[in-house]
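Secondary and tertiary structure notes
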Amino acid sequence: MIPYSRQLIEQDDIEAVTQVLRSDFLTQGPAGESFESALTSYTGARYAVLFSSGTAALHAAHFAAGVGKGDEVITSPITFAATSNAALYLGATPVFVDVESDTGNMDVEGFEQAITPRSKAVVPVHYGGHPVDLKGISLVAKESGLVVIEDACHALGAEYRTTGSRGRGVEGPSEAQRPRLETGDDWIKIGSCEYSDMTVFSFHPVKHITTGEGGAVLTNRSDYYEKLRIFRTHGITKDPSKFRLQNREPDGDWYYEMHALGFNYRISDIQAALGMSQLRKLDRFVSRRREIAERYETAFTSNPLFATPPERSYAKSSYHLYPIRLSDKLRRNKSEIFSALRKAGTGVQVHYIPVYLHPYYREMGYKPGICPAAEEFYQREISIPLHQGMDNETVDTVIKFLRRSLNNG
Ligand SMILES: Cc1ncc(COP(=O)(O)O)c(C=O)c1O
């Protein structure tokens, strides 16, 4: 089976992990800090905090944003359940807004209409690696005082163009707040947080780079940075300048304080070393993903059976996914087409069942029909294999199987 995505581990990755296994620290050693620092250099953000998964990173970002009981968190339903679950963990209510019918990304007008006095944060998802219109979202969020948390679990290595988007002329952060940019001209890396408060990444093996399980939050704000760090380690601080208790006798160098109900969401040094080694190859991996997308685009252009994923002028997708959308005629046969492709050895997948259609959400009162474009997107969408380990021959095999299955469909 040709998987829809998978990790690419090379000899130097194995050596990086082995080195940590021979060292003194398997966790809470120097590898974590090195990887965090490399992530800030890559994205241009000031701070990075590693977590044990993208889900833990999302949870922490919502905590740092101050999301709590009674708050609403606006997001889109074409995502993995972890995105909106983060609001639920903190007692808040996810509010789903509809998506653009072609990119599957949050619709900016829909977002604007969903804002209420209870809205606390907006969590746009860069679906499939294609950036959302960050400036558009940032402008609307700023007008209503919402925290912007990018769910960029699909979009490490993607870029966003700060001119030419539909952002309606929103100003970026002041010069004093501006992060260091690595990309030149008007393109910024997703993760720079130039138009958001925090950005969340995942390092699951199907993502661009992997640590086995793992994630990170990027931010330019020191207050969020502090909260993220404390949340990762049980809500405990060892920094004397932050201690709250005045009369604490007896105490000494062992002393620490717990200030919040945090978790053990740390990543090990073994994983961080793998991440650091993988990050060095990220640009190569993204380039290969873009080459494969181009090969698909050339093979499938103007075909009547399905639409290929678009790329907006403000977006350079890092192609976590290659989501095709079946035509009106074929969408009714999606289930048969999916099974035939799997049977032929093409490891297709569907991204995603709109989150609010899951029983857990329905039992909370969410009903079908909330986001019609998302439901239609789901009915049409199939993700075909795309990952950095695919050679051209494998790509051409997928093209052949797809043509065959769809022509019979
Ligand atoms: C959009 C999105 N958000 C969050 C997550 C959660 O990341 P992780 O699996 O690292 O916990 C995923 C993982 O698939 C995802 O696709």
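In short, a report on the structure.

Each value, and the rule that gives it
- Residues numbered from 1 in each chain as written.
- Predicted model: local features only at pLDDT ≥ 70, side-chain atom pairs only at ≥ 80, totals over all residues.
- Heavy atoms only, no water.
- Near = heavy atom within 4 Å.
- Polar contact = N/O pair within 3.5 Å; in protein donor to acceptor, adjacent residues only side chain to side chain.
- Areas by Shrake-Rupley, 256 points an atom, 1.4 Å probe, with all protein chains shown as cover.
- Helix = DSSP H or I, 4+ residues; strand = E, 2+ residues; numbered from the N terminus.
- Axes fitted to C-alpha atoms, helices over the stretch in contact; angles between N-to-C directions.
- Left-handed = near helix turned anticlockwise from the far one by under 90°.
- Contact = heavy atoms within 4.5 Å.
- Nonpolar A, V, L, I, M, F, W, Y, C, P; charged D, E, K, R; others polar.
- Buried < 20%, exposed > 50% of the residue type's maximum accessible area, 1.4 Å probe, protein only.
- Pairing = 2+ DSSP bridges.
- Phe/Tyr/Trp six-rings, centres within 6.5 Å; stacked < 30°, edge-to-face > 60°.

For the ligand, the set of nearby residues contains 15 residues, the closest of which are Gly54, Thr55, Asp151, Ser202 and Lys207. A distance of 2.5 Å is found between an oxygen atom of the ligand and a side-chain nitrogen or oxygen belonging to Thr55. Within the side chain of Asp151, a nitrogen or oxygen atom sits 2.8 Å from a nitrogen atom of the ligand. Considering the ligand on its own, with 390 Å² of exposed area, one finds that the protein chains cover 91% of that surface. The dominant element in the shell around the ligand, judged by the number of residues it contributes, is helix H3 (residues 54-64), at three residues.

Quick look at the packing of helix H11 (residues 334-343) against helix H14 (residues 392-408) now. Put simply, H11 and H14 touch, their axes get as near as 9 Å, and they point 145 degrees apart. H14 is crossed by H11, and the crossing has right-handed handedness. Contacts between H11 and H14 pair Ile337, Ala340 and Leu341 from the former with Phe401, Leu402, Ser405 and Leu406 from the latter. Looking at the contact of H11 with H14, its residues break down into six nonpolar, one polar and no charged.

Look at the link from His351 to Tyr352: it is a cis peptide, with omega at 5 degrees. Relative to the elements of secondary structure, Tyr352 occurs in the loop between strand E16 (346-347) and helix H12 (359-362). A positive phi is found at His234, a non-glycine position, where the angle reads about 65 degrees. Within the secondary structure, His234 sits in the loop between helix H7 (222-232) and strand E11 (236-237).

With that out of the way, let us pick up the pairing of strand E15 (residues 322-326). Across the five residues that make up E15, a large majority, five, are buried. On E15, burial covers both faces: Tyr322, Ile324 and Leu326 on one face and Pro323 and Arg325 on the other are all buried. Here strand E13 (residues 306-307) pairs with E15 via two bridges, running antiparallel. Opposite Phe306, over in E15, you have Leu326 as the bridge partner. In the sheet, E15 pairs with strand E17 (residues 381-384) via four bridges, with the strands oriented antiparallel. Across the sheet, residue Ile324 finds its bridge partner in E17, namely Ile382.

This part covers helix H13 (residues 372-380). Among the residues of H13, Ala374, Glu375, Phe377 and Arg380 are the ones counted as buried. Buried residues belonging to H13 abut E15, helix H10 (328-331), H11 and E17.

The final tally for this structure, using the stated rule, is 20 aromatic pairs. Seen in terms of ring centroids, Phe96 and Tyr366 are 5.4 Å apart; in terms of plane orientation they differ by 75 degrees. Their pairing is edge-to-face. Here Tyr366 lies in the loop between H12 and H13 and Phe96 lies in strand E4 (residues 93-96), a separation of 270 residues in the sequence. On the basis of relative accessibility, which here comes to 6%, the residue Phe96 falls in the buried class. Arranged with centres 4.9 Å apart and planes meeting at 75 degrees, the rings of Phe300 and Phe306 form a pair that is edge-to-face. When its relative accessible area of 3% is taken as the criterion, Phe300 is described as buried. The rings of Phe96, Tyr356, Tyr360, Tyr361 and Tyr366 are connected pair by pair, giving a single aromatic cluster.

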